[in-house]
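# A structural walkthrough
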Amino acid sequence: MTYASYPALRLRRPRASAWSRAMHAENRLSPADFIWPLFVTEGQGVEEPIAALPGVSRWSVDLMVQRAKEARDADIPCLALFPNTQPERRSDDGVEALNPDNLMCRAIRAIKDAVPDIGILTDVALDPYTAHGQDGLLDEAGYVLNDATIDMLIGQSLNQAAAGADIIAPSDMMDGRIGAIREALEEEGHANVQIMAYSAKYASAFYGPFRDAVGSRGLLKGDKKSYQMDPANSEEALREVALDLEEGADSVMVKPGLPYLDIIARVKDAFAVPVFAYQVSGEYAMIEAAVAAGAGDRDALVLETLMAFKRAGCSGVLTYHALHAARLLHG
């Protein structure tokens, strides 16, 4: 490929005016690119600000419905729900995940009744329900059991689908769970329920504020390195994605986001499927800390980081800044 040289070619020429920059933009952001993660808690009329996530709160089910209406009005297409399960409802086996009247299912039903035209993505993993904070069942040595955990994840998925979830998002990183969940959904008449697989979920240091939000930080014994991915690895991520797609995932996710833009780009290039990223709690908290320190402008930082995901190949982004970003884009 041959290009002209300077001065016949001046790359600054198309950048000289706003209209021209807009016309030449290779990627664009819209509210349709965002999934808004929300934390649900017990009670009525309850808002619990999360200290580690300035500007983010846990909401009771009735107030969660108001958040859903805000999202709809801002043209955000989908919410991601995470429950803050009460300590007395947690157990070693996480059986509360199978309760059809648990916090997650009540929130799904309430939102679908009030705002039927918004999508609901639900997290499938046992850590919001276990007394030990791990994503699965443990053996006597504390190792997370793969196949026994899958049986629980199937039940959890069917429970959420029956309540009205549109997208099941297994975040547990157990081997083989996507195929097992897909088969169960088909058998139980949930053929149109999507699976967004957390396919490349890394054992990251960026999850701390999230664990505060769902009440698992103080409970977690050990770490999650035996099932979440090593941050040193990228080829392994491609193998994980390939397996989940073979098993029936409709879309895949990379988590965390900004530190793993290379993984997002490689997955998109290799598979040409819908790829999502989770701009996780630690990433959000870092932006807010920078703003609080006077080190950057929130609006500019939010839009630039979200554009980075689009540039890397994302179809969409789970971000706590979703409502703020959508309102910015609406002007």
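Residues numbered from 1 in each chain as written. Predicted model: local features only at pLDDT ≥ 70, side-chain atom pairs only at ≥ 80, totals over all residues. Heavy atoms only, no water.

## Overview of empty space enclosed by the protein
Counted by the stated rule, this structure contains two cavities of 30 Å³ or more. Of the voids in this model, the largest cavity is the one considered here, and its volume is about 110 Å³. Along the walls of the largest cavity sit 14 residues, with Asp127, Lys201, Phe210, Lys224 and Lys255 positioned nearest its centre. Counting residues per element, the lining of the largest cavity draws most heavily on helix H6 (residues 208-214), at three residues. (1 Å grid on protein atoms, 1.4 Å probe; cavity = no way out; pocket = protein on both sides within 12 Å on 5 of 7 lines; lining within 4 Å. Points joined across faces, edges and corners; volume = space filled by probe spheres on them. Helix = DSSP H or I, 4+ residues; strand = E, 2+ residues; numbered from the N terminus.)

## Things to note about the UniProt feature "active site" (unreviewed entry) in the protein
As recorded in UniProt, the sites labelled "active site" (unreviewed entry) are Lys201 and Lys255. In terms of the greatest pairwise C-alpha distance, the residues named above, spread along 55 residues, form a tight cluster of at most 4.8 Å across. Within the annotated group, the residues that form the lining of the largest cavity are Lys201 and Lys255. Tracing the chain through its elements places Lys201 in strand S7 (residues 194-201). In contact with Lys201, not counting residues within four places along its chain, are Asp135, Ser171, Met173, Tyr207, Gln228, Met229 and Lys255. A polar contact of 3.0 Å, which involves the side chain of Lys201, links it to the backbone oxygen of Ser171. With respect to the helices, strands and loops of the structure, Lys255 is situated in strand S8 (residues 251-255). On the accessibility criterion, Lys255 (6% relative accessible area) is buried. Residues in contact with Lys255, not counting those within four places in the same chain, are Tyr198, Ala200, Lys201, Tyr202, Tyr207, Tyr278 and Val280. (UniProt positions renumbered as here; feature names shortened; annotations may be inferred. Contact = heavy atoms within 4.5 Å. Polar contact = N/O pair within 3.5 Å; in protein donor to acceptor, adjacent residues only side chain to side chain. Buried < 20%, exposed > 50% of the residue type's maximum accessible area, 1.4 Å probe, protein only.)

## Let's talk about the pairing of strand S3 (residues 57-60)
Judged by which residues are buried, S3 turns out to be covered on both faces: Ser57 and Trp59 on one side and Arg58 and Ser60 on the other are all buried. Sheet topology places strand S1 (residues 34-41) next to S3; three bridges connect them, and they run parallel. Looking across to S3, one finds that Thr41 is bridged to Ser60. Note: strand S2 (residues 47-49) against S3, three bridges, orientation antiparallel. (Pairing = 2+ DSSP bridges.)

## Concerning the packing of aromatic side chains
Applying the stated criterion across every chain, the model contains eight aromatic pairs. Aromatic pair Phe39 and Phe82: ring centres 5.9 Å apart, planes at 40°, arrangement tilted. Taken together, the residues Phe39 in strand S1 and Phe82 in strand S4 (residues 78-83) connect sequence positions 43 residues apart. With respect to burial, Phe39 and Phe82 carry one shared label: buried. Arranged with centres 6.0 Å apart and planes meeting at 45°, the rings of Tyr278 and Tyr320 form a pair that is tilted. In this pair, Tyr278 sits in strand S9 (residues 275-279) while Tyr320 sits in the loop between strand S10 (316-319) and helix H11 (322-330), placing the two residues 42 residues apart along the sequence. (Phe/Tyr/Trp six-rings, centres within 6.5 Å; stacked < 30°, edge-to-face > 60°.)

## Looking at helix H5 (residues 177-187)
For H5, the set of buried residues is Arg177, Ile178, Ile181, Arg182, Ala184 and Leu185. Around the axis of H5, the buried residues are gathered within 165° of arc, so they sit on the same side. Directly after H5, the chain includes Gly189, whose backbone phi takes a positive value near 85°. (Arc of directions from axis to C-beta.)

## Here's the deal with the pattern of salt bridges
Applying the stated rule across the entire model yields 16 salt bridges. The shortest N-O distance in the salt bridge between Lys112 and Asp166 comes to 2.7 Å. Linking Lys112 in helix H3 (residues 103-114) with Asp166 in the loop between helix H4 (146-163) and strand S6 (167-170), this pair joins segments that are 54 residues apart in sequence. We classify Asp166 as partly exposed; its relative accessible area is 27%. Overlapping salt bridges bring together Asp127, Asp135, Lys201 and Lys224 as one network. (Salt bridge = Lys/Arg side-chain N within 4 Å of Asp/Glu carboxyl O.)

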